[in-house]
Amino acid sequence: MGTRVVGIASGKGGVGKTTLIVNLALQLAELRKKVLIFDADLGMANVHLAFSKRISNNLSDVIDGTVSLEETIVGLSEGIDLIPGGSGVANIADLDEISVSSIVRAFSALEGQYDYLLVDMSAGISTQVLTFLSCVHLKIVVGTNELGSISDAYSLIKVHSKHQNMEGLVYLPNRVSSSKAGKKLFESINYVTTKFLKKDLEYIGSISEDALYSRVWNSSEPKRVITSSSNAYSELTAVVSKIEKHSAFNSEEGSKGLSFFLDGFTS
Ligand SMILES: Nc1ncnc2c1ncn2[C@@H]1O[C@H](COP(=O)(O)OP(=O)(O)OP(=O)(O)O)[C@@H](O)[C@H]1O
Ligand SMILES: [Mg+2]
């Protein structure tokens, strides 16, 4: 079984992508999964901050050839490692062939070492985000019920759907007042995509507004205690169980593990 690659994106920024990645990684690690987070928010990489870790090397050093990809890996917590993206790799989609092949080779070497690769992307509709979205097995677009987030999520989904099929495209409502409100938000976005794009989004649950869930950013507290006493924790548990059983990882692409992720960079 190859590494499962999950990408988290959003139209508008600040809607909870990184908070989701951190909590998701913590729950997967509790299930004894080995998780690698790739902080591909190349402008504002911040996953390490949730774990109070310092970064010395990042992906741009790998491209420069000064360090190997393995040397950039930072252990964040039991079962959770990080590859920091680094702001020097702003145009990953435009990298020359030598750089791309060095990244490809480096990621390939990690095949089999991790159960999950979670890719934290920058907000918005850049070529880079579209490239990443096209090469992950399961795509999760996070959004809140704020108007700007709704319209930006729709724009991202629309642009993505022009280039790619929407197989395995999940819309995950975050910071909602209840699961019922989350389902309603999902349905309103899905109504528009079905009507105008003739494409259905996938529903795997939602996450409520919850101060405990977002306290993963509070570096002075042990992460596990915070997450397991949170209301959003059980909603996320349901999301994790859907991810664990997701058919996207059993598809032809999914069975290719990390090499499918890497095909996206080279095609
Ligand atoms: N379910 C939630 N309940 C309460 N607060 C939340 C929730 N999800 C996220 N937040 C808070 O929202 C803020 C933004 O979250 P986060 O940094 O994860 O967003 P992001 O989408 O990664 O942002 P960016 O686009 O800048 O990378 C943080 O302060 C976080 O604590
Ligand atoms: Mg973020």
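See above for the structure.
Residues numbered from 1 in each chain as written. Chains lettered and ligands numbered in written order. Predicted model: local features only at pLDDT ≥ 70, side-chain atom pairs only at ≥ 80, totals over all residues. Heavy atoms only, no water.

As a matter of local geometry, ligand 1 sits amid 18 residues, with G14, K17, T18, T19 and D210 nearest to it. T19 places a polar side-chain atom, nitrogen or oxygen, 2.4 Å from an oxygen atom of ligand 1. Between ligand 1 and N174, the relevant distance is 3.0 Å, taken from a nitrogen atom to a side-chain nitrogen or oxygen of the residue. About the coverage of ligand 1: the protein hides 81% of its 630 Å² of free accessible area. At the level of secondary structure, the elements contributing two or more residues to the shell around ligand 1 comprise α1 (17-30), β7 (169-176) and β8 (207-208). Per-element accounting of the shell around ligand 1 gives the leading share, three residues, to α1. Residue classes in the shell around ligand 1 are distributed as five nonpolar, eight polar and five charged. (Near = heavy atom within 4 Å. Polar contact = N/O pair within 3.5 Å; in protein donor to acceptor, adjacent residues only side chain to side chain. Areas by Shrake-Rupley, 256 points an atom, 1.4 Å probe, with all protein chains shown as cover. Helix = DSSP H or I, 4+ residues; strand = E, 2+ residues; numbered from the N terminus. Nonpolar A, V, L, I, M, F, W, Y, C, P; charged D, E, K, R; others polar.)

For the pair helix α6 (residues 127-135) and helix α7 (residues 147-163), the least separation of the axes is 11 Å and the interaxial angle reads 65°. The element α6 and its partner α7 pack so that their crossing is right-handed. Contacts from V129, L130 and L133 of α6 reach α7 at L156, V159 and H160. The residue makeup of the contact of α6 with α7, split by class, is five nonpolar, one polar and no charged. (Axes fitted to C-alpha atoms, helices over the stretch in contact; angles between N-to-C directions. Left-handed = near helix turned anticlockwise from the far one by under 90°. Contact = heavy atoms within 4.5 Å.)

The full count for this structure, using the stated rule, is four aromatic pairs. On the numbers, 6.1 Å between centres and 90° between planes, the contact of Y116 with F249 is edge-to-face. Separated by 133 residues along the polypeptide, Y116 in strand β5 (residues 116-121) and F249 in the loop between α10 (231-244) and α11 (252-255) bring together distant segments of the chain. Each member of the pair, Y116 as well as F249, carries the same accessibility label: buried. (Phe/Tyr/Trp six-rings, centres within 6.5 Å; stacked < 30°, edge-to-face > 60°. Buried < 20%, exposed > 50% of the residue type's maximum accessible area, 1.4 Å probe, protein only.)

Attention now goes to the packing of α7 against helix α8 (residues 179-197). In contact at an axis separation of 11 Å, α7 and α8 are set at 40° when each is read in the N-to-C sense. When the axes of α7 and α8 are compared, the pair comes out oblique. Two packed elements cross with a definite hand, and for α7 against α8 that hand is right-handed. Contact residues: I150, Y154, I157, K158 and S161 in α7; L185, I189, V192, T193, F196 and L197 in α8. (Parallel < 35°, antiparallel > 145°, perpendicular 65-115°, else oblique.)

This structure, assessed with the given rule, holds six salt bridges. The shortest N-O distance in the salt bridge between K183 and E187 comes to 3.4 Å. With K183 and E187 both in helix α8 and four residues apart, the pair spans about one turn of that helix. Given a relative accessible area of 33%, K183 falls into the partly exposed group. For E187, a relative accessible area of 43% corresponds to the partly exposed category. Three or more residues joined by partner-sharing salt bridges are found here, namely R4, K33 and E244. (Salt bridge = Lys/Arg side-chain N within 4 Å of Asp/Glu carboxyl O.)

On to the sheet that holds strand β1 (residues 4-9), then. Ordered in space as β3-β4-β2-β5-β1-β6-β7-β8, the eight strands form an open sheet in which the pairing is mixed. Each end of this open sheet is capped by a strand with a single partner; those strands are β3 (74-77) and β8. In the sheet, β1 pairs with β5 via five bridges, with the strands oriented parallel. The partner of V5 across the bridge, within β5, is L117. Running at roughly 170° to β5, α1 makes contact with β1, β2 (35-40), β3, β4 (80-84), β5, β6 (138-143) and β7 of the sheet. (Pairing = 2+ DSSP bridges.)

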